[in-house]
Amino acid sequence: MRLRQGQYSFLPDLSDDDIRVQAQYAIDKGWAVSVEYTDDPHPRNSFWEMWGHPMFDTPDAAALVYEVNECRKAHGAKYIRVLAFDASAGWESIRMSFIVNRPAEEPGFRLVRQEGEGRMIRYTIESYATREPEGARYA
Amino acid sequence: MTTEPAAPQTGPQTAPQTVDLAAAYEASGVREVLKELDDTMIGLAPVKQRIRETASLLLVDQARRQLGLATETPTLHMSFTGNPGTGKTTVALKMADLLHRLGYVRKGHLVTVTRDDLVGQYIGHTAPKTKEVLKKAMGGVLFIDEAYYLYRPENERDYGQEAIEILLQVMENNRDDLVVILAGYADRMDRFFDSNPGFRSRIAHHIEFPDYSNEELLKIADVMLTEQNYTLDPAARTAMADYIAARRGQPHFANARSIRNALDRARLRQANRLFNEAAGPLDGTALSTIAGADILASRVFRGGLDVDRKPAKEAAE
Ligand SMILES: Nc1ncnc2c1ncn2[C@@H]1O[C@H](COP(=O)(O)OP(=O)(O)O)[C@@H](O)[C@H]1O
Ligand SMILES: [Mg+2]
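Residues numbered from 1 in each chain as written. Chains lettered and ligands numbered in written order. Predicted model: local features only at pLDDT ≥ 70, side-chain atom pairs only at ≥ 80, totals over all residues. Heavy atoms only, no water.

**Q** Explain the site of ligand 1 here, please?
**A** All names here are of chain B. Residues in close proximity to ligand 1 total 17 residues, the closest being Gly85, Thr89, Thr90, Tyr212 and Arg260. Threonine 90 places a side-chain nitrogen or oxygen 2.5 Å from an oxygen atom of ligand 1. Contact with the protein chains covers 91% of the free accessible surface of ligand 1, which is 560 Å². Residue composition of the shell around ligand 1, by class: eight nonpolar, six polar and three charged. (Near = heavy atom within 4 Å. Polar contact = N/O pair within 3.5 Å; in protein donor to acceptor, adjacent residues only side chain to side chain. Areas by Shrake-Rupley, 256 points an atom, 1.4 Å probe, with all protein chains shown as cover. Nonpolar A, V, L, I, M, F, W, Y, C, P; charged D, E, K, R; others polar.)

Below, the structure is given as structure tokens:
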């Protein structure tokens, strides 16, 4: 099941050049771009691991693409996303977020039903991948 | 949240049949850069010639790519060799502008670094430092002053080696993203290339910066003063010519930079003189004229270095 989170997730995978053009748009707006990765793609997991620091003073987006590729070398079997932060409001708000790398197999999520009192049912979803311990997910 | 991401790039266009080089030259704005180079920099004939050649090469390469005859980005990394103060940093700025106008770098800024900006102090420090600098320079030109200090053969565990390896990788893999210029003394650079053949093979353009003649240095003094609305009176001009001849033979002579420093001190002495001597109101001419005495007071005429010279560190400017 293809993970649909952030921008462009209904499009085919972005090429490095697509990524560069998107990140350049963010940089030209004065936003800081950064790279994050995870092997726990639950939609409520907002805390992906940071790959290095956000880039504040790199005028050209080739720098971002360079870090995406460095991150792929280390975490190529995981999800990697690019974020753009806008600090102009006085706090960091996310302006852009898009996935730039996916595992070869995306097992998706299962629906879990929990029966409560009075035949009440709670629903939740669980990523199949997180049944494996950290580090062993996505092979 | 509204975002308007840049439009995705359009597909390949069909290749044209012919290319108008003269029109491409006019449209690129290269003429202005070359003219500025000619107007603002005295002498340097061989350097200017090499830059003109490089510009032609790149224009032709562009034309070839438009016709589908070439596809690879040419190697643009360069070495600028010459003694201190011969204009290497200044020309690198112009080179960045040129490459930007020709479309070989996307932004055209110049990032100037020395060994200390690239090499760390402890294990694990160097790679992030070097990468940070490279990322800043992407889209522009990275100018590494006295590049040979990266290589210290006397210490086999020197962290410089790590910086060299990352540099070489990025110079090869990210040729579309940045141009690297290595600068320094010619003889040391030669030895550096001998022990680091990886660099030699990745550098396509070697440009040598000759020392300036005494006449050129005097002209440079004129240019520098004109920029700041000062002039030399006839006695000062003669004194400056003598100063240049004497200064050349003394330690730490640094071509045009020595001239800039000498003029800074002459302005200081002029200000002092005006302050001490002026009895009435001063006009613009008085305020902007350097007199012979302002130059002749220099210790250079007494066979020594000026005690008030700036520290040697400025060589890394
Ligand atoms: N040909 C020249 N004409 C005018 N000024 C020059 C020339 N060459 C160098 N300068 C001036 O001399 C100073 C030192 O030049 P720089 O480019 O820093 O030399 P380098 O990098 O070779 O040590 C700068 O202030 C520069 O503006
Ligand atoms: Mg310099």
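Still to come is the rest of the account.
**Q** Explanation requested: the nonpolar core in the structure shown.
**A** The nonpolar side chains of a soluble globular protein tend to be buried, and buried together. Counting residues in hydrophobic clusters, the biggest one holds 55 residues, and the most contacted among them are Phe80(B), Leu99(B) and Met240(B). Other than its neighbours up to four places away in sequence, Phe80(B) contacts Lys88(B), Val91(B), Ala92(B), Met95(B), Phe143(B), Ile181(B), Leu182(B), Ala183(B), Gly184(B), Met189(B), Ile207(B) and Phe209(B). If you look at the next biggest cluster of nonpolar residues, it comprises 54 residues, including Trp31(A), Met96(A), Ala147(B) and Leu182(B). (Core = buried A, V, L, I, M, F, W, Y, C linked by side-chain atoms within 4.5 Å. Buried < 20%, exposed > 50% of the residue type's maximum accessible area, 1.4 Å probe, protein only. Contact = heavy atoms within 4.5 Å.)

**Q** I tried to follow the sheet that holds strand E4 (residues 93-101) of chain A on my own but got confused; where do I start?
**A** Sheet strands associate in pairs through backbone hydrogen bonding, adopting either a parallel or an antiparallel arrangement. Residue and element names in this part refer to chain A. Pairing is antiparallel across the open sheet formed by four strands, whose spatial order is E2-E1-E3-E4. The sheet is open, and its two edges are formed by strand E2 (49-55) and E4, each paired on a single side. Taking the axes of each pair of neighbouring strands and ignoring which way they run, one obtains an average angle of 20 degrees across the sheet. (Pairing = 2+ DSSP bridges. Helix = DSSP H or I, 4+ residues; strand = E, 2+ residues; numbered from the N terminus. Axes fitted to C-alpha atoms, helices over the stretch in contact; angles between N-to-C directions.)

**Q** How do you make sense of helix H1 (residues 21-28) of chain B when you look at a structure like this?
**A** A turn of α-helix holds 3.6 residues, and therefore any two residues three or four places apart point the same way. With a side-chain oxygen lying 3.2 Å from the backbone nitrogen of Ala22(B), the N-terminal cap of H1(B) falls on Asp20(B). Just downstream of H1(B) lies Gly29(B), where phi reads positive at about 80 degrees.

**Q** Would you take a moment to explain the pairing of strand E3 (residues 79-86) of chain A for this structure?
**A** In regular strands, side chains alternate between the two faces of the sheet. All names here are of chain A. The buried fraction of E3 amounts to eight of the eight residues, a majority that puts the element mostly inside the structure. Neither face of E3 is open: one carries Tyr79, Arg81, Leu83 and Phe85, the other Ile80, Val82, Ala84 and Asp86, and all of them are buried. Bridge count for E3 against E4 is seven bridges, and the pairing is antiparallel. In the sheet register, isoleucine 80 faces E4, and the bridge partner there is asparagine 101. As consecutive antiparallel partners, E3 and E4 are separated by six residues, and within that stretch glycine 90 has a phi angle of approximately 105 degrees, a positive value.

**Q** For this particular structure, what's the right way to read the interface of chain A and chain B?
**A** How large an interface is tends to be reported as the accessible area lost when its parts come together. On the side of chain B, 19 residues touch chain A, which itself brings 23 residues to the contact. Considering only the surface of chain A that becomes buried against chain B, Tyr25(A), Asp60(A) and Tyr66(A) emerge as the three largest contributors, covering 30% of it. There are five salt bridges connecting chain A and chain B. Between Lys136(B) and Asp57(A) there is a salt bridge, with its nearest N and O atoms 3.6 Å apart. For the pair chain A and chain B, the interface holds four residue pairs in polar contact (both at pLDDT 80 or more). Elements that contribute at least two residues to the side of chain A that touches chain B include exactly helix H1 (16-28), helix H2 (62-75) and E4 of chain A. Per-element tally for the side of chain A that touches chain B: the top contributor is H1(A), with seven residues. When its residues are assigned to classes, the side of chain A that touches chain B shows eleven nonpolar, four polar and eight charged. (Buried area = accessible area lost by both parts, 1.4 Å probe. Salt bridge = Lys/Arg side-chain N within 4 Å of Asp/Glu carboxyl O.)

**Q** How do you make sense of the sheet that holds strand E4 (residues 179-184) of chain B when you look at a structure like this?
**A** All names here are of chain B. Taken together, five strands build an open sheet; the order of strands is E2-E3-E4-E1-E5 and the sheet is parallel. Single-partner strands in this sheet number two, and they are strand E2 (110-113) and strand E5 (205-209). Going from strand to strand, the sheet's axes swing by 20 degrees on average, the running direction of each strand aside. With five bridges joining them, strand E1 (residues 78-82) and E5 adopt parallel strand pairing. Looking at the pairing, threonine 81 lines up with glutamate 208 of E5. Helix H6 (residues 126-137) contacts E2 and strand E3 (141-145) of the sheet and is inclined by roughly 135 degrees relative to E3.

**Q** Help me understand empty space enclosed by the protein, please; the structure alone is not making it clear to me.
**A** Empty space among the atoms becomes apparent when a probe as large as a water molecule is rolled across them. Counting across every chain of the model gives three cavities of 30 Å³ or more. Each pocket or cavity is described by its volume, and for the largest cavity that value is around 50 Å³. Along its surface, the largest cavity is lined by eleven residues, and Tyr243(B), Ala262(B), Ala266(B), Arg269(B) and Ser298(B) are the ones closest to its centre. Listed by contribution, the elements that provide at least two residues to the lining of the largest cavity are helix H11 (234-248), helix H12 (255-277) and helix H14 (292-296) of chain B. Looking at the lining of the largest cavity, the element that brings in the most residues is H12(B), giving five residues. Within the lining of the largest cavity, the residues separate by chemical class into six nonpolar, one polar and four charged. The calculated volume of the second largest cavity comes to roughly 40 Å³. Lining the second largest cavity we find Met1(A), Pro41(A), Tyr79(A), Glu106(A), Pro107(A), Gly108(A), Phe109(A), Ser127(A) and Tyr138(A). (1 Å grid on protein atoms, 1.4 Å probe; cavity = no way out; pocket = protein on both sides within 12 Å on 5 of 7 lines; lining within 4 Å. Points joined across faces, edges and corners; volume = space filled by probe spheres on them.)

Limitation: the analysis is restricted to geometry and does not speak to function.
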